[in-house]
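Architecture at a glance
Below are the chains, spelled out letter by letter.
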Amino acid sequence: MKHFLLFLSLFVLGSHGGYSLQTILIPNPAEASNLLKLLYISCGDQDNLIQFSQRTHEYCKEHGVPHIYRVISGGHHDFAV
């Protein structure tokens, strides 16, 4: 994301995996850590795209990007947070 100052809070709901979301969303983890006030990643455990949210969570964890990761029990691709 090139313009963190415009988006101090990001919500990733049911990440799409047709590309490397992690490096597009957070190309510079150190900058993201300093500028983002909140990064919230959420996905239902029944969503067939959950592996992409998990990868984004792991990427953030590995690179020290503070975030909240929530898996919704019984949730599908319905964005009920």
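Of regular secondary structure, the protein chain possesses three helices and three strands. When the helices and strands of the protein chain are read in sequence order from the N terminus, they spell out β-α-α-β-α-β. Looking at the protein chain alone, contacts between residues at least 24 apart form 75% of all its contacts between residues at least 6 apart. Accessible area for the protein chain stands at about 4900 Å²; split by element, carbon and sulfur atoms hold 57% of it.

For the structure shown, the criterion picks out one salt bridge. Residue Glu58 pairs with Lys61 through a salt bridge whose shortest N-O separation is 3.7 Å. Of the two residues, Glu58 and Lys61 are both situated in helix H3 (residues 50-62); the distance of three residues between them amounts to about one turn of the helix. What makes Lys61 exposed here is its relative accessible area of 53%.

What follows is about the side chain of His57. Mapped onto the elements of the fold, His57 is located in helix H3. Every residue in contact with His57, bar those within four places of it in the chain, is listed here: Ile41, His67 and Tyr69.

Relative to the helices and strands, Val65 resides in the loop between H3 and strand E3 (68-72). Distance in space between the C-alpha atoms of Val65 and Ala30 is 7.3 Å, their sequence separation being 35 residues. The residues contacting Val65, other than those within four sequence positions of it, are Ile26, Pro29, Ala32, Ser33, Leu39 and Cys60.

Burial within strand E2 (residues 38-44) is extensive, with six of its seven residues counted as buried. The pairing of E2 with E3 spans five bridges and is classified as parallel. The partner of Ser42 across the bridge, within E3, is Arg70. For the handedness criterion, the β-α-β arrangement of E2, H3 and E3 is classed as right-handed.

Attention now goes to the confidence of the model for the protein chain. Residues with a pLDDT of 70 or more make up 69% of the protein chain, whose mean pLDDT is 75. At the level of individual helices and strands, the protein chain shows its lowest average pLDDT in strand E1 (residues 9-13), which scores 53, and its highest in E3, which scores 91.

Let us now look at H3. Taking 1.5 Å as the rise per residue, H3 with 13 residues should run 18 Å; its terminal C-alpha atoms sit 18 Å apart, in good agreement. Of all the residues in H3, the buried ones are Ile50, Phe52, Ser53, Thr56, His57, Tyr59 and Cys60. A positive phi of about 70° marks Gly64, the residue just after H3.

Thresholds applied
- Residues numbered from 1 in each chain as written.
- Predicted model: local features only at pLDDT ≥ 70, side-chain atom pairs only at ≥ 80, totals over all residues.
- Heavy atoms only, no water.
- Helix = DSSP H or I, 4+ residues; strand = E, 2+ residues; numbered from the N terminus.
- Contact = heavy atoms within 4.5 Å.
- Areas by Shrake-Rupley, 256 points an atom, 1.4 Å probe, with all protein chains shown as cover.
- Salt bridge = Lys/Arg side-chain N within 4 Å of Asp/Glu carboxyl O.
- Buried < 20%, exposed > 50% of the residue type's maximum accessible area, 1.4 Å probe, protein only.
- Pairing = 2+ DSSP bridges.
- Right-handed = clockwise from strand over helix to strand, strands pointing away.
- pLDDT = per-residue confidence, 0-100.
- Expected span 1.5 Å × (residues − 1).

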